[in-house]
Amino acid sequence: MATFSLLAGLALGPVVGLLATLAMDRVMPRLPEGTTAPRVAASVLTNTSVDRAPERLATWVHYVAGGGSRLLFVGLVSAVQVGLGVGAPVALAVASPVMLALMIGFFALVPLPRARGIPRQRLATIRRDWAVSAAVYVVAAAMVVALASGV
């Protein structure tokens with residue numbers, strides 16, 4: 001079993017983030033509120049309603065957040081390996097649900113409540129669609145890390 005080092009993770013990180021975000025991009029448009037999440041972030045940043053949030057900013061924020069999340073994910077995998085003294089497969093199995101919980105929790109607790117112009121009836125669907133999109137991100141990121149570490 002190969003150990004996934006933090007240095008290797010930092011080198012691989014941009015690939016992890018890009019591929020995971022691209023995987024997420026394939027799923028989001030198929031969900032009823034799937035493409036709303038990036039507009040929520042743009043809404044908060046511009047203090048406008050979600051439906052009027054700048055599409056270009058929403059796209060930019062989506063890719064920046066996806067890229068930034070890769071640092072957290074590879075950091076979690078490395079921390080689990082070092083902290084628990086386990087190989088990459090176990091580290092991925094532990095880090096993946098933690099990452100998913102962090103992604104869902106952050107979105108549901110930070111930008112979503114601050115977004116403007118979302119009827120209360122849409123919130124559950126937006127949260128659910130974000131959870132599905134985040135799960136796709138985490139699975140794709142885990143697969144890239146697993147392949148890179150020879151798992």
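Here, every reference points to the structure presented above.
These notes cover the structure that comes with them.

Thresholds applied
Residues numbered from 1 in each chain as written. Predicted model: local features only at pLDDT ≥ 70, side-chain atom pairs only at ≥ 80, totals over all residues. Heavy atoms only, no water. Salt bridge = Lys/Arg side-chain N within 4 Å of Asp/Glu carboxyl O. Helix = DSSP H or I, 4+ residues; strand = E, 2+ residues; numbered from the N terminus. Buried < 20%, exposed > 50% of the residue type's maximum accessible area, 1.4 Å probe, protein only. Core = buried A, V, L, I, M, F, W, Y, C linked by side-chain atoms within 4.5 Å. Contact = heavy atoms within 4.5 Å.

Moving on, we come to the pattern of salt bridges. One pass over the structure, following the stated rule, counts three salt bridges. For Arg 122, the salt bridge is made with Glu 33, and the minimal N-O distance between the two is 2.8 Å. Linking Arg 122 in helix H6 (residues 120–148) with Glu 33 in the loop between helix H1 (6–27) and helix H2 (36–46), this pair joins segments that are 89 residues apart in sequence. There is no split in this pair, since Arg 122 and Glu 33 are both buried. A salt bridge links Arg 122 to Asp 51, with the nearest nitrogen and oxygen atoms 3.9 Å apart. In this pair, Arg 122 is assigned in helix H6 and Asp 51 in the loop between H2 and helix H3 (55–84), connecting sequence segments 71 residues apart. By relative accessible area, Arg 122 is classed as buried at 19%. For Asp 51, a relative accessible area of 53% corresponds to the exposed category.

What follows is about the nonpolar core. In this structure, Phe 73, Met 103 and Tyr 137 are the most contacted members of the largest nonpolar core, which totals 33 residues. For this core, the elements supplying multiple residues, two or more each, are H1, H2, H3, helix H4 (88–109) and H6. Looking at this core, the element that brings in the most residues is H6, giving 11 residues. Residue contacts for Phe 73: discarding those within four places in its chain leaves Leu 92, Ala 95, Ser 96, Met 99, Val 138, Ala 141, Ala 142 and Val 145.

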